[in-house]
Amino acid sequence: MPARQPPRGGTAATFAPPITEARRWLDGIEFPPDRPLLDVSQAAPMDPPPAALRQAIAEAALNDPGAHLYGPVLGMPELRAEIADQWSSAYGGAIRPEQVAITQGCNQAFCAAVSAIAAAGDEVILPTPWYFNHKMWLDMAGVRAVPLSTGANLLPEVQRAAALITPRTRAIVLVTPNNPTGLEYPAGLVAEVLALCRNHGIALILDETYRDFDGRDGAPHRLFADPDWGDTLIQLYSFSKAYRLTGHRVGALVAAEPIVAEVGKFLDTVAICANQLGQRAALWGLCNLAAWKADERAEILARRTAVETGFAALPGWDLMGAGAFFAWVRHPFAIDSTTLARRLVAEAGVLLPGAMFLPEADPGSRDQLRIAFANIGRQGLQTLFQRLAAFRP
């Protein structure tokens, strides 16, 4: 028989899932009881949803026959209506249920948005450091990811973005609070990027997965207050972080109705509908967990303060950004970030990703790292700083 040919599909155009790759570094390593592994690699809640939400899920599973059937492609009408109502109130704008689609998590919302507006050979501008799954999907879709370097302050510059726009550009992507840097983009900056996109007839894809942990009071931007927001803006959201529904895979996309109609084609083809129990859980959370979510936000903000204090006292390390679930840091060692990350696993019992958030040619890939601190608590953060202070390459 002839030898099997190597993969040639779109997936071969991108790299392996980075978090999965990082976890392979654990193979063959035993962590003693007095120095257990500190996993700061992934920004996903490890605790289950609150008991009341789990009870609501259980009751839906037992008593709601529709929870086990296919549902509407664009999502439960009640959930779409609740998102439209709450978003309109929170952002001071006007959003209709017909402008909302429910997806299998926010990653799928991004894939659907790109599929609705871009084709192979087109371009999408991604600020760097970037969220690696965004880069991976663009690679697989044959859409060129155009890096927008953000420099030392980690904020995208509008003039620099404008210089990257070509006739093939279909969108600029912003993530705020940012993954991986944690930075909260100023409302004025987000508005300037929207204006730039509008002037060039391209979309602004605004990923607000971590908006529930933004440290600012009130709306983080006023884009929905513009009555013409739908001509440019596509907003993405996730229920995974705020309600700990990671395994239920529920996200949302808000856009003009023609875009939502195109998104529906993608959703019908890929998943038919989002998880039915997850949608019911998301709706219950929106209607009942405001106070609980506020407490979760307060705890994450307290951990951010602990991160800022800890790095200020850690010689040689530079905290470049912190917020939501993340810290973005510059390390002081004469080794590259991926080598350092692999050594930290074996020598310090700390798992974090290497240089997976930047293009290989970017100088920051040598000395910059992401730390996802949402799952280790303030005591775990103290242990992290002790181990980093004691590490000697």
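Keep in mind that this is a model prediction, so the values were computed, not measured.

A. Layout of the pairing of strand β8 (residues 251–254). Because side chains alternate across β8, one face comprises the buried residues Gly-251 and Leu-253, and the other comprises Ala-252 and Val-254, equally buried. Direction of pairing for strand β2 (residues 100–103) relative to β8: antiparallel, over a ladder of four bridges. Within β8, the residue paired with Ile-102 across the bridge is Ala-252. The pairing of strand β7 (residues 233–238) with β8 spans four bridges and is antiparallel. Looking at β8, one finds that Gln-235 is bridged to Val-254.

B. Seen up close, the packing of aromatic side chains. Scanning all chains against the criterion turns up 16 aromatic pairs. Plain terms: the ring middles of Trp-87 and Tyr-237 are 5.1 Å apart, the flat faces sit at 85 degrees to each other, and that makes the pair edge-to-face. Within this pair, whereas Trp-87 is found in helix α3 (residues 77–91), its partner Tyr-237 is found in strand β7, the two being separated by 150 residues in sequence. Judged by its relative accessible area of 0%, Trp-87 falls in the buried class. Look at Tyr-91 and Phe-224: their rings are 5.1 Å apart centre to centre, the planes differ by 65 degrees, and that puts the pair in the edge-to-face class. With Tyr-91 in helix α3 and Phe-224 in the loop between β6 (203–207) and β7, the pair connects residues that are 133 residues apart, well separated along the chain.

C. Up close: the packing of helix α2 (residues 51–63) against helix α9 (residues 276–288). Where α2 contacts α9, the two axes come as close as 9 Å, and the packing angle between them is 135 degrees. Relative to α9, α2 is oriented oblique. In the packing of α2 onto α9, the handedness of the crossing is right-handed. Taking contact as the criterion, the partners of Ala-52, Leu-53, Ala-56, Ile-57, Ala-60 and Ala-61 in α2 are, on α9, Leu-277, Arg-280, Ala-281, Trp-284 and Gly-285.

D. Spatial organisation of the layout of surface pockets. For the largest pocket, the calculated volume is near 530 Å³. Along its surface, the largest pocket is lined by 25 residues, and Gln-42, Asn-107, Tyr-131, Asn-133 and Lys-241 are the ones closest to its centre. Classifying every residue of the lining of the largest pocket gives 11 nonpolar, nine polar and five charged. Its volume calculated, the second largest pocket comes out at about 420 Å³.

E. Expanded view of the UniProt feature "domain: Aminotransferase class I/classII large" (unreviewed entry) in the chain. Here the UniProt feature "domain: Aminotransferase class I/classII large" (unreviewed entry) sits at residues 45–388. As annotated, residues 45–388 comprises 42% helix and 16% strand, and the C-alpha atoms at either end are separated by 23 Å.

F. Main features of the sheet that holds strand β3 (residues 123–128). Within the open sheet, the seven strands sit side by side as β2-β8-β7-β6-β5-β3-β4. Their pairing is mixed. Looking at strand neighbours, the two that pair on one side only are β2 and β4 (144–149), the edges of this open sheet. Each neighbouring strand pair of the sheet contributes to a mean axis angle of 25 degrees, computed without reference to strand direction. Running at roughly 150 degrees to β6, helix α7 (residues 187–200) makes contact with β5 (169–175), β6 and β7 of the sheet.

G. Highlighting helix α8 (residues 257–270). Across its 14 residues, α8 extends 20 Å between first and last C-alpha, which sits within 8% of the 20 Å expected from 1.5 Å per residue. Residues of α8 that are buried include every one of Ile-259, Val-260, Val-263, Gly-264, Phe-266 and Leu-267, and no others. Looking at the buried positions of α8, the neighbouring elements they touch are α3, β2, α4 (105–117), α5 (132–141), β7 and β8. Following α8 by one or two positions, Ile-272 has its phi on the positive side, about 70 degrees.

H. Geometry of the pattern of salt bridges. Within this structure, the stated rule accounts for 24 salt bridges. Here Glu-257 ties to Arg-96 by a salt bridge, and the two come within 2.3 Å at their closest N and O atoms. With Glu-257 in helix α8 and Arg-96 in the loop between α3 and β2, this residue pair connects regions lying 161 residues apart in the sequence. According to the relative accessible area criterion, Glu-257 is partly exposed, its value standing at 34%. Among the residues examined, Arg-96 registers a relative accessible area of 40% and is labelled partly exposed.

I. Focus on the pairing of β7. For β7, a buried count of six out of six residues is recorded, marking the element as mostly surrounded by other parts of the structure. The alternating pattern of β7 places Leu-233, Gln-235 and Tyr-237 and Ile-234, Leu-236 and Ser-238 on opposite faces, both of which are buried. Of the pairings in the sheet, the one linking β6 to β7 comprises four bridges and is parallel in character. Along β7, the bridge assignment pairs Ile-205 with Ile-234.

Conventions we followed
- Sequence order sets the numbering: in each chain, residues are counted from 1 along the sequence as written.
- In keeping with the model being predicted, local features are shown solely for residues with a pLDDT of at least 70 and side-chain atom pairs are shown and tallied solely at 80 or more, while totals for entire chains, interfaces and linings include all residues.
- Side-chain figures throughout are based on the complete set of non-hydrogen atoms in the structure, without hydrogens or water.
- For every residue, the accessible area (1.4 Å probe, protein chains only) is compared with the maximum for its type, and the residue is labelled buried under 20%, exposed over 50%, or partly exposed between those bounds.
- Going along the chain from the N terminus, every DSSP run of H or I of four or more residues is numbered as a helix, and every run of E of two or more is numbered as a strand.
- Here the rule is simple: two strands pair whenever DSSP picks up at least two bridges between them.
- Note on aromatic contacts: the rings of Phe and Tyr and the six-membered ring of Trp form a pair at centre separations within 6.5 Å, being stacked when their planes are under 30 degrees apart, edge-to-face when over 60 apart, and tilted otherwise.
- The axes used here are C-alpha line fits, helices contributing only the stretch in contact, and every angle between their N-to-C directions lies in the interval 0 to 180 degrees.
- Should an angle lie under 35 degrees it is considered roughly parallel, over 145 roughly antiparallel, and from 65 to 115 roughly perpendicular; all remaining angles are considered oblique.
- Throughout, a crossing is termed right-handed when the near helix is turned clockwise from the far one, and left-handed when it is turned anticlockwise from it by less than a right angle.
- Contact between two residues is taken to exist if any of their heavy atoms lie within 4.5 Å; hydrogens are not considered.
- Only protein atoms enter the calculation, which uses a 1 Å grid: trapped sets of points that fit a 1.4 Å probe without letting it out are cavities, open sets showing protein on both sides within 12 Å along at least five of seven lines are pockets, and any residue with an atom within 4 Å of a point is a lining residue.
- Grid points are joined across faces, edges and corners, and a volume is the space filled by probe spheres set on the points.
- Amino acids are sorted into nonpolar (Ala, Val, Leu, Ile, Met, Phe, Trp, Tyr, Cys and Pro), charged (Asp, Glu, Lys and Arg) and polar (every other residue, Gly among them).
- UniProt positions are given in the numbering used here, feature names are shortened, and annotations may be inferred rather than shown by experiment.
- Helices are assigned an expected span. That span is 1.5 Å times one less than the residue count.
- Throughout this description, the term salt bridge denotes a Lys or Arg side-chain nitrogen within 4 Å of a carboxyl oxygen of Asp or Glu.

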